[in-house]
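Take a look at the letters that make up each chain.
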Amino acid sequence: GEKVEQHESTLSVREGDSAVINCTYTDTASSYFPWYKQEAGKGLHFVIDIRSNVDRKQSQRLIVLLDKKAKRFSLHITATQPEDSAIYFCAAGNNYAQGLTFGLGTRVSVFP
Amino acid sequence: DMKVTQMPRYLIKRMGENVLLECGQDMSHETMYWYRQDPGLGLQLIYISYDVDSNSEGDIPKGYRVSRKKREHFSLILDSAKTNQTSVYFCASRNSGNTLYFGEGSRLIVV
C-alpha cells in the first residue's frame, strides 16, 4: 500500500519568513495530495490540495508543489504569522474509496 | 453548518469493558471514516463506510467494529477494550471533492 514520509518533524520559523514542509510517497498511482492543519486539542482541518494533473497550486499564502517524477510534494507557507503555528499533515491517495494515507505530521512554530 | 460532531470527547474505561464512540455529520456525505491518532504513528485508518450498512475494513480493523444505520451517524464499537486501544479517535466525512471533514476527536483511555 501507499506510504507517505513527511521529512520534517518540527520546523521553527521567524514571523514573516517562509516555512517549507516536504513529503514523499511511494505509490505511483496516487493522484491526490491534500494538506491538513491540526491545532492543539482539535481535529484536522483541510488547508489546500493538489491533484496530479498540475504541478503547482496557490491559495493565498499557501503554495503546494508536486514533482511526480520524484514522487515528492511540498507545502510552502509564505509570510508566516503566529496563527500558522500548528501541526501540518500531508496525505496521498488515489482510490478514494480506500481513504488517504497520512504522513506523521510536522509541528510548525512561528516565533516573533 | 458543515460540522462533524464526536461524542464523547473524553472517556476512561476499564480493560474488558465495551466502548461506543459516536459520530454525526450534517452534510449528507456518503463516505465516512474512523481513524486513530497515536504519537509516532500518525493517523491510522480503522474503518470506512460508503453509506448505510456498507462498511469496509481499513488498515487496522482488529478489535473494532462499526455501525452505520443512518447516513448522518457512524459509530465505532470496541467490544472488550484493551489497554493498547488507548488513543485519540477521529471521525471524518468526505465531500464530493474528496475533502475530509474531521471531528474534534474522542480521547479514550483504557486502564
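Residues numbered from 1 in each chain as written. Chains lettered and ligands numbered in written order. Predicted model: local features only at pLDDT ≥ 70, side-chain atom pairs only at ≥ 80, totals over all residues. Heavy atoms only, no water.

Caption draft 1: Main features of the pattern of salt bridges. Using the criterion set out here, one finds 11 salt bridges over all chains in the structure. The salt bridge involving Lys57 of chain A is made with Asp49 of chain A; its shortest N-O contact spans 2.7 Å. The class for Asp49 of chain A is buried, based on a relative accessible area of 6%. As a salt-bridge pair, Asp38 of chain B and Arg36 of chain B come within 2.8 Å of each other at their nearest N and O atoms. Residue classification places Arg36 of chain B among the buried positions, given a relative accessible area of 9%. (Salt bridge = Lys/Arg side-chain N within 4 Å of Asp/Glu carboxyl O. Buried < 20%, exposed > 50% of the residue type's maximum accessible area, 1.4 Å probe, protein only.)

Caption draft 2: Fine view of the environment of Gly63 of chain B. Residues and elements named next belong to chain B. Here Gly63 is to be found in the loop between strand E6 (54-57) and strand E7 (65-70). Distance in space between the C-alpha atoms of Gly63 and Leu78 is 6.3 Å, their sequence separation being 15 residues. When near neighbours in sequence (up to four residues on either side) are disregarded, Gly63 contacts Ile77, Leu78, Asp79 and Gln85. (Helix = DSSP H or I, 4+ residues; strand = E, 2+ residues; numbered from the N terminus. Contact = heavy atoms within 4.5 Å.)

Caption draft 3: Geometry of the side chain of Asp84 of chain A. Within the secondary structure layout, Asp84 of chain A lies in the loop between strand E8 (72-77) and strand E9 (86-92). Residues within four places of Asp84 of chain A in sequence aside, it is in contact with Lys37, Arg61, Ile77, Ala79, Val108 and Val110 of chain A.

Caption draft 4: Structural view of the interface of chain A and chain B. The partner chain B presents 20 residues to the 17 residues of chain A that form the contact. Inspection of the chain A/chain B interface yields one salt bridge. The partner of Lys42 of chain A in a salt bridge is Glu104 of chain B, and the shortest N-O contact between them spans 3.9 Å. Connecting chain A to chain B are six residue pairs in polar contact (both at pLDDT 80 or more). Every element with two or more residues in the side of chain A that touches chain B is listed here: strand E4 (32-38) and strand E5 (44-51) of chain A. Within the side of chain A that touches chain B, the residues separate by chemical class into 10 nonpolar, five polar and two charged. (Polar contact = N/O pair within 3.5 Å; in protein donor to acceptor, adjacent residues only side chain to side chain. Nonpolar A, V, L, I, M, F, W, Y, C, P; charged D, E, K, R; others polar.)

Caption draft 5: Just the state of the cysteines, in detail. Scanning all chains against the criterion turns up two disulfides over all chains. Bridging Cys23 of chain A to Cys90 of chain A, the disulfide has an S-S length of 2.0 Å. One disulfide, between Cys23 of chain A and Cys90 of chain A, carries an S-S torsion of -100° and so falls in the left-handed class. Of this pair, Cys23 of chain A sits in strand E3 (residues 19-25) while Cys90 of chain A sits in strand E9, placing them 67 residues apart in sequence. Cys23 of chain A gets classed as buried once you look at its relative accessible area, which sits at 0%. Linked covalently through their sulfurs, Cys23 of chain B and Cys91 of chain B form a disulfide whose S-S length is 1.9 Å. One disulfide, between Cys23 of chain B and Cys91 of chain B, carries an S-S torsion of -75° and so falls in the left-handed class. Of this pair, Cys23 of chain B sits in strand E3 (residues 19-25) while Cys91 of chain B sits in strand E9 (residues 87-94), and the two are 68 residues apart along the sequence. Residue Cys23 of chain B is classed as buried on the basis of its relative accessible area of 3%. (Disulfide = S-S within 2.5 Å.)

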